[in-house]
Amino acid sequence: MFSRDEIIGTLSLVGGVALFSTVEVASKVIGPRVDPIVLTFIRFFVTGLLLILISLPMLRMRTEPFSLRDYGVFLTNGLIGITFALSLFHTAILVLDKAASAAVIFCINPVFVVILARYINQEAWSVRKWIGVFLGVAGVFCFAYESGMFAWNSLHGLALMVLSAFLFALSTCISRRVVGRYGALILMGFSSLAGGLILLPLAMMRVEMVGLSHIIDASLPILYVTLMGTSLAYFLYYYGLLNTSAQRGAMIFFLKPVLASLLAVWILGETINPYMLAGIALIISSLFLELPREFRLFKSK
C-alpha cells in the first residue's frame, strides 16, 4: 500500500502536468509577438520572486544561512532547467507548426529521465518501467502522424525541442536529488530567479530592439503562463517529485501530449486523427502500468 504522502504526491504531479499542458497552447496564442527569450525571462523571474515571497516563513525557520554550495545548486538547476531548457522550448514552439507537436516532442524527456535517474538518483530500473516507457514512446510516436502521414515538421524545431527535453530531464533528476534539502518552494523559487537573471541581459537587448508594445498587447496570456502554467505548475510538480520519484514524474509527464492536444483542438482548432487517438490509448496504458495501486486506493476512499 502506498502512503498518503505518495498518493498526494502523485495527484500533485498530475495537477502540475495538467497546467504544463496549457503552456504550448498559450504560447501559440502569444505567438511571435513576444520573443521567446523575453517570455522565458518574464515567466521565471516573476515566478522566482513570487515563490521566494511565499516561502519567507520557511526561510526564517532555517537555522543556518545558505552556503556557496547551496547557491551553486540553485544556479546550476536554474541554468540547466530554465535558462537553457525553457528558452529552447519556447523557441521550438515558434518553429513547429502545431502546439500539439511541440507538446509531443517535448514529452520524450521521460526516456532521458529513466536513464539519468539510475545514476543521479539511484532509482532502480525494472522490466515494468521499461515496458511503460516504450508504450509511452510508441504513443508519442503516433503523434508524428498528426497530419495523417508521417512528417517531421521541421528538423530545426525537432532538434531544439529534443535538446530542451534532455535538459529538462537532467534538471528533473537534479531537483529530485536535492528538493528534500530545501523544499519545493525554496528550490524552485531560487532556481527560477537564477535562471531568469541569467537571461536578463539578453532579454533587455531583445526588448530594446522591438519595444514594449507587443508585450503589453499579449499581457493576459503572458500573465496566465507565468502564474498558472509556471508558478503553480512547478510547485505542484516539484512537490510531487519530493513525495514520489523522478521516474514516476516522468511517466505522468506522458499525459502532457494528450492534454495539450485536446486543448489545441478546443482553443486553436487543431484536429485529432486516428493515429493521435491510438497515441492517447498507448500513453494511458503506460500510466496504468506504473500507477495501478494508487488508482485503486484512490477509488476506495
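For the structure, see preceding data.
Note that the coordinates shown come from a computational prediction; the quantities given were computed from them, not determined experimentally. (Residues numbered from 1 in each chain as written. Predicted model: local features only at pLDDT ≥ 70, side-chain atom pairs only at ≥ 80, totals over all residues. Heavy atoms only, no water.)

Trainee: Give me the lowdown on the overall build of the protein, citing residues and values where you can.
Mentor: Counting secondary structure elements, the protein contains 16 helices and 0 strands. The proportion of buried residues among the 301 residues of the protein is 54%. Nonlocal contacts in the protein, meaning residues at least 24 apart in sequence, comprise 91% of its contacts between residues at least 6 apart. (Helix = DSSP H or I, 4+ residues; strand = E, 2+ residues; numbered from the N terminus. Buried < 20%, exposed > 50% of the residue type's maximum accessible area, 1.4 Å probe, protein only. Contact = heavy atoms within 4.5 Å.)

Trainee: Which residues make up a nonpolar patch on the surface, and what are the values?
Mentor: Taken together, V46, L220, L223, L227, M228 and L232 make up a surface patch of nonpolar side chains, about 500 Å² in accessible area. Among the elements that line the nonpolar patch, the one with the most residues is helix α12 (residues 219–243), at 5 residues. Along the chain, the position of L227 falls in helix α12. (Patch = residues over 30% accessible without salt bridge, like charges linked within 9 Å, V, L, I, M, F, W, Y side chains within 5 Å. Areas by Shrake-Rupley, 256 points an atom, 1.4 Å probe, with all protein chains shown as cover. Salt bridge = Lys/Arg side-chain N within 4 Å of Asp/Glu carboxyl O.)

Trainee: So what about the environment of G78? Which residues, and what values?
Mentor: Summarising the element assignment, G78 is placed in helix α5 (residues 68–95). Each C-alpha atom, one on G78 and one on G189, is 9.6 Å from the other, the two residues being 111 residues apart in sequence. Excluding residues that lie within four positions of it along the chain, G78 makes contacts with T83, S191 and G195.

Trainee: Hey, could you go over the nonpolar core for me, with residue numbers and the actual values?
Mentor: In this structure, V34, M161, Y182, I222 and Y234 are the most contacted members of the largest nonpolar core, which totals 69 residues. Ranked by residues supplied to this core, first place goes to helix α9 (residues 155–182) with 13 residues. Those residues within four positions of Y234 in sequence are excluded, and the remaining contacts are F20, R43, F44, L86, F168 and M188. Residues A100, V104, C107 and I280 belong to the second largest nonpolar core, which totals 9 residues. (Core = buried A, V, L, I, M, F, W, Y, C linked by side-chain atoms within 4.5 Å.)

Trainee: Describe the pattern of salt bridges, listing the residues and the values that go with them.
Mentor: All chains considered together, the criterion is met by 2 salt bridges. As a salt-bridge pair, D217 and R33 come within 2.8 Å of each other at their nearest N and O atoms. Of this pair, D217 sits in helix α11 (residues 213–217) while R33 sits in the loop between α2 (23–30) and α3 (36–54), and the two are 184 residues apart along the sequence.

Trainee: How would you sum up the packing of aromatic side chains? Please name residues and give values.
Mentor: Under the defined criterion, the tally for this structure stands at 13 aromatic pairs. Centroid distance F66 to Y182: 6.1 Å. Interplanar angle 65°. Geometry classified as edge-to-face. Of this pair, F66 sits in the loop between α4 (56–61) and α5 while Y182 sits in helix α9, and the two are 116 residues apart along the sequence. The same class applies to F66 and to Y182, which are both buried. Measuring from centroid to centroid gives 6.4 Å for F168 and Y237, while their planes differ by 35°, and the two rings are tilted. Remark: Y237 occurs in helix α12 and F168 occurs in helix α9; sequence separation between them is 69 residues. (Phe/Tyr/Trp six-rings, centres within 6.5 Å; stacked < 30°, edge-to-face > 60°.)

Trainee: Describe the side chain of D70, with residues and values.
Mentor: Tracing the sequence through the fold places D70 in helix α5. This buried residue, D70, is left without a salt bridge; R181 holds the nearest opposite charge, at 4.1 Å. Beyond its immediate sequence surroundings of up to four residues, D70 is in contact with R62, P65, R181 and Y182. (Lys, Arg positive; Asp, Glu negative; His and termini not counted.)

Trainee: Can you lay out the environment of D70 for me, pointing to particular residues and giving the numbers?
Mentor: A relative accessible area of 8% means that D70 is categorised as buried. Residues D70 and L187 lie 117 residues apart in sequence; the distance between their C-alpha atoms is 9.7 Å. A distance of 3.0 Å separates a polar atom in the side chain of D70 from the backbone nitrogen of S67. (Polar contact = N/O pair within 3.5 Å; in protein donor to acceptor, adjacent residues only side chain to side chain.)

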